[in-house]
Amino acid sequence: MTDRFANGDATNDAGSHPALPGAYHGGDFAGLLGKLDYLRDLGVGLVWISPVFANIAEPQHGAGGKGPPHWGFHGYWPHDFDHVNEHFGTWQSLRALVDGAHERGLGLFIDIVVNHVGYGAPLSQRADWTRSPARGDCGQDDVDKCIYGLPDLRTEQPAVATALVRAYSELATRSGCDGFRVDAVKHVGLPFLAQLRQAVVALHPGFRFLGEVWGTRATNSYGDPWLKPGQMDWLFDFEFADQAVNFVTGVSDARALDEYLSARAGRAGRYVHYLDTHDVPAFLTRVGGDKAAMKLGAALELTVPGIPLVYYGDEVGRTTTDWPEHRSDMPWGAAQDTELLAYYRKLIAARRELRGPLTRLHADGAHYGFRRGAGVVLINAGDGEWKVPVPGPAVDVLTDKRVTGSFRLAGRTAAVLLPAPPMRANAPVPPVQPALLPGQRVR
Ligand SMILES: [Ca+2]
Ligand SMILES: [Ca+2]
């Protein structure tokens, strides 16, 4: 959420009202650029930012016009497809952000809106471009209805499709970004999505698409049409957060969690899972502000197969609720829970050692354990200690504790065990046991 992450340029703050939850708060591309080191140090590989095109300027009022004012700070109310949102910066500062990400080994995805324009945008006046509630020509199906009363782009019309494909190809080229997160994919026809992908990938081989098809989950075939060749590379697993909440709060047991993880095993690599996003309340809020439960959820999220998404602020203990709090400002400085941040960093670093499918080792009550690659992950959602046998010497990389034989995992904690590191060449040589000296026989 570019507007809410960091303000790096005060010259684009006109019209910002940080005290109003529905207004622009001043965050921008320059602010993000200045925090890329923070993101790199957190360990993420890819950054997903808000839609970048200019949004409608007029605030909207929900609740029949009586609600608080709400501007397009989130970027989902595009006004035209040629200009960058002036609150976020310029084409140049967007390019500088992407280049800055690449210099640090990070990828960058831009959210794109292809389904609709903002309320009252000029294109909403053109019946050949849009369906609109004001004209009464919205449809009933997923593709031709006007979601949230937004003017719906006629992406099935060749002229509209061609113009949008051209605008987003231009965005890919001018920004230098690595991929698009495509908004409201369910509400756009598959032929348009294929046309968009084909055009952008022809210009930029390796360009990737993450599609938001509301309600997809890695446990069933609902999302499969959007995962066919020529469509999206990845979709979201809308089920994961609920499964994680249920397990860490004791609503469901390890067996239920294991059934879920087994059911998603075949598709997990094509799905992005998260604890929360800009559309739902924070995980930490859902578990009653219990930091131990948050850590268990993070441990689960960041160790299982699939592509984990960390929504900004999760890693420092930001609590949010429903709109508009779930898009609140990123906490910085003293407002950050640095202990939780350190925990996230360790988990993300450990994740690089956890590859391939998950093999269940324990699924009993509140205890869940599995092997993945070289690592063993143990999650104790119960209150009591869990004594677990451990094969071979290992290190719990979350606490740096060395473990052999058996491991006592405290209640409400998780562990990621990796093989104890081999001795380095320049490390001091430990004393050799006399019985093992050459020429000596073991008695
Ligand atoms: Ca600013
Ligand atoms: Ca549509």
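Provided above is the structure to which this section pertains.
Residues numbered from 1 in each chain as written. Chains lettered and ligands numbered in written order. Predicted model: local features only at pLDDT ≥ 70, side-chain atom pairs only at ≥ 80, totals over all residues. Heavy atoms only, no water.

K.L.:
Help me understand the coordination of the calcium ion (ligand 1), please; the structure alone is not making it clear to me.
P.N.:
Tetrahedral coordination by four donors sets the ideal angle at the metal to 109.5 degrees; octahedral coordination by six donors sets it to 90 or 180 degrees. The protein atoms that coordinate the calcium ion (ligand 1) are Asn7 (OD1), Asp9 (O), Asn12 (OD1), Asp13 (OD), Gly26 (O) and Asp28 (OD), at distances spanning 2.2 to 2.5 Å. Of note is the calcium ion (ligand 1), whose 6 donor atoms meet at the metal with angles of 68 to 171° in an arrangement that counts as irregular. Between consecutive donor residues of the calcium ion (ligand 1), the sequence gaps follow N-x1-D-x2-N-D-x12-G-x1-D. One end of the pair, Asp13, is in the loop between α1 (2–5) and α2 (29–34); the other, Asp28, is in the loop between α1 and α2, with 15 residues separating them in the sequence. (Donors = N, O, S within 2.8 Å, 3.2 Å for Na, K, Ca; no water. Tetrahedral: all angles 85-135°; square planar, octahedral: opposite > 155°, others 65-115°. Helix = DSSP H or I, 4+ residues; strand = E, 2+ residues; numbered from the N terminus.)

K.L.:
Is there a simple way to think about the sheet that holds strand β4 (residues 107–112) in this case?
P.N.:
In a beta sheet, neighbouring strands pair by backbone hydrogen bonds and run either parallel or antiparallel. The strand order across the open sheet built from 7 strands is β1-β4-β7-β8-β9-β10-β11, with neighbouring strands paired in parallel fashion. Looking at which strands have only one partner, the edges of the open sheet turn out to be β1 (46–49) and β11 (307–309). Within this sheet the neighbouring strands show an average axis-to-axis angle of 25°, counted without direction. Bridging between β1 and β4 involves 4 bridges; their strand directions are parallel. Directly across from Ile49, in β4, lies its bridge partner Ile110. Contacts from helix α6 (residues 158–175) reach β4 and β7 (179–182) within the one sheet, and its direction differs from that of β4 by about 155°. Sitting on the sheet, helix α7 (residues 190–203) touches β4, β7 and β8 (208–211), and the angle it makes with β8 is about 155°. (Pairing = 2+ DSSP bridges. Axes fitted to C-alpha atoms, helices over the stretch in contact; angles between N-to-C directions. Contact = heavy atoms within 4.5 Å.)

K.L.:
Before we go on, may I ask you to explain the pattern of salt bridges in this structure?
P.N.:
Should the charged atoms of two oppositely charged side chains come close, the side chains can pair. Under the counting rule described, the total for this entry stands at 26 salt bridges. The partner of Arg135 in a salt bridge is Asp137, and the shortest N-O contact between them spans 2.9 Å. Taking the relative accessible area as the measure of exposure, Asp137 reaches 22% and is therefore partly exposed. A salt bridge links Arg181 to Glu212; its shortest N-O distance comes to 3.7 Å. Taken as a pair, Arg181 in strand β7 and Glu212 in the loop between β8 and β9 (234–236) lie far apart in primary sequence, 31 residues in all. (Salt bridge = Lys/Arg side-chain N within 4 Å of Asp/Glu carboxyl O. Buried < 20%, exposed > 50% of the residue type's maximum accessible area, 1.4 Å probe, protein only.)

K.L.:
Please clarify how empty space enclosed by the protein should be interpreted in this entry.
P.N.:
Where empty space is left can be seen by rolling a probe of water-molecule size over the atoms. Using the criterion set out here, one finds 1 cavity of 30 Å³ or more in the structure. Within this model, the largest cavity holds a volume of roughly 60 Å³. Residue lining of the largest cavity: Trp48, Arg181, Glu212, Trp214, Phe236, Phe238, Tyr274, Thr277, His278, Asp279 and Val280, and that is the complete set. (1 Å grid on protein atoms, 1.4 Å probe; cavity = no way out; pocket = protein on both sides within 12 Å on 5 of 7 lines; lining within 4 Å. Points joined across faces, edges and corners; volume = space filled by probe spheres on them.)

Remember that the coordinates give geometry; whether it matters functionally is a separate question.
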